[in-house]
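Here is what each chain is made of, one letter per residue.
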Amino acid sequence: MVGFNLRDIVSISDFSRKDIEAVLAKAADMEKTPKSKKDTILKDKNVAVLFFEPSTRTRLSFETAVNNLGGSVIGFADAGVSSTKKGESLSHTIKVISGYADMIVMRHSVEGAARRAAEVSKKPVINGGDGANQHPTQTLLDLYTIKKQFKKIDGINIGLLGDLKYGRTVHSLMYAFANFKNVKVYCIAPDSLKMPKNIIEDTAGNIEMKETSKLEEFLPELDVLYATRIQKERFVDEFEYEQIKNVFILGKDNLKNVKKGFRLMHPLPIVNEIKTELDGSEMALYFEQAENGIPVREALLAMLKGVKK
Ligand code: CP
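Residues numbered from 1 in each chain as written. Predicted model: local features only at pLDDT ≥ 70, side-chain atom pairs only at ≥ 80, totals over all residues. Heavy atoms only, no water.

## Considering the overall build of the chain
Next up, step 1: Helix and strand content of the chain: eleven helices and nine strands.
Next up, step 2: Counting only C-alpha atoms and orienting by the principal axes, one finds that the chain spans roughly 55 × 45 × 40 Å.
Next up, step 3: Pairs at least 24 residues apart make up 74% of the contacts formed inside the chain by residues separated by at least 6 positions.
Next up, step 4: For the chain, the exposed area adds up to about 13600 Å²; of that, 48% sits on carbon and sulfur atoms.
Next up, step 5: Once the 46 positive and 41 negative side-chain charges of the chain are each reduced to a mean point, those two points are 6 Å apart. (Helix = DSSP H or I, 4+ residues; strand = E, 2+ residues; numbered from the N terminus. Contact = heavy atoms within 4.5 Å. Areas by Shrake-Rupley, 256 points an atom, 1.4 Å probe, with all protein chains shown as cover. Lys, Arg positive; Asp, Glu negative; His and termini not counted. Charge placed at Lys NZ, Arg CZ, Asp CG, Glu CD.)

## Quick notes on unusual backbone geometry
Next up, step 1: With an omega dihedral of 5 degrees, the bond running from Leu268 to Pro269 counts as a cis peptide bond.
Next up, step 2: Looking at the element boundaries, Pro269 is found in the loop between strand 9 (263–265) and helix 10 (286–291).
Next up, step 3: Although it is not a glycine, Asn182 sits at a positive phi angle of roughly 55 degrees.
Next up, step 4: Position of Asn182 relative to the elements: it lies in the loop between helix 6 (168–177) and strand 6 (184–188).
Next up, step 5: In this fold, Leu268 is placed in the loop between strand 9 and helix 10.
Next up, step 6: Taking the relative accessible area as the measure of exposure, Leu268 reaches 14% and is therefore buried. (Buried < 20%, exposed > 50% of the residue type's maximum accessible area, 1.4 Å probe, protein only.)

## Things to note about the pattern of salt bridges
Next up, step 1: Scanning the model with the defined rule gives 15 salt bridges in all.
Next up, step 2: Among the ionic pairs, Arg17 bridges to Asp154, the shortest N-O distance being 2.8 Å. Highlighted residues: Arg17 in helix 1 (residues 17–32) and Asp154 in the loop between helix 5 (136–150) and strand 5 (157–161), separated in sequence by 137 residues.
Next up, step 3: Exposure remark for Arg17: the relative accessible area of 24% places this residue in the partly exposed category.
Next up, step 4: A salt bridge links Arg168 to Glu53, with the shortest nitrogen-to-oxygen separation between them at 3.2 Å. In this pair, Arg168 is assigned in helix 6 and Glu53 in the loop between strand 1 (46–51) and helix 2 (57–68), connecting sequence segments 115 residues apart. (Salt bridge = Lys/Arg side-chain N within 4 Å of Asp/Glu carboxyl O.)

## Concerning the packing of helix 3 (residues 90–97) against helix 4 (residues 113–120)
Next up, step 1: Interhelical geometry of helix 3 versus helix 4 gives an angle of 45 degrees and a closest axis separation of 9 Å. It follows from the interaxial angle that helix 3 and helix 4 lie oblique. Here helix 3 runs over helix 4; the crossing is right-handed. Contacts between helix 3 and helix 4 involve Leu90, Ser91, Ile94 and Lys95 from the former and Ala113, Arg116, Ala117 and Val120 from the latter.
Next up, step 2: Grouping the amino acids of the contact of helix 3 with helix 4 by side-chain chemistry returns five nonpolar, one polar and two charged. (Axes fitted to C-alpha atoms, helices over the stretch in contact; angles between N-to-C directions. Parallel < 35°, antiparallel > 145°, perpendicular 65-115°, else oblique. Left-handed = near helix turned anticlockwise from the far one by under 90°. Nonpolar A, V, L, I, M, F, W, Y, C, P; charged D, E, K, R; others polar.)

And the structure:
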């Protein structure tokens, strides 16, 4: 297997193509290995799972992954029950917990919080999402899902739909695709929720990108449509959110004109943007995508193994 030299998982931009491929290969290995053959990998390892923001999938799939590998979990799902509530700084919280645990998985509302945590932690830090910035482990499971479905990532045509301004999953995906060849990304968003300019500029030399506000414009060219939720929690003005929250609602009616083999992905949770009538359809890949979080997160935990190189 190809090597892996990362000390922390903070940003997908820290990953080379080789690193990404190493994680995907290890995840494939994890997926086919029964629990009884991998339940000593994290023996005697304690993983702190610290969620300062709500989560269902990221937190529970990390906890499941730790359990499957024979480790133990400490942490909180609500910062309101931690001493953050009393005003303790993130740096102090992390310094202390890195003395208790062998790895730290953290979600925080502040962009850059994971990088700060990694700087002060004695143990590897895994970013489970920092504000509107990055969600690298989601991206790795997204890439794993694409690879599994299409047997490749190079040459894929993907539409990113919805809240491209605040959506951390699509920000990380843009940087990840820049490592691959001939990926075409179609950014589909209303003007007020377009992909940030700095991300477009950072990835411009490596991915072919087109922008539109119309779903139908590039739909027939897509292998995958990656839909996202409008990120209510990031809006300063609630009225602005109310105006735009239902800008795209996908259903059987507006997904007729798609390629054979077309798939619909979504990091979840879905609020209104995909009708439930699509949940059982062949094109809906989002539940399988969420399940892929387990082998991918098992792979990451096993590769870091509590060692800050
Ligand atoms: N995809 C994702 O990050 O889901 P959660 O917010 O439920 O963790």
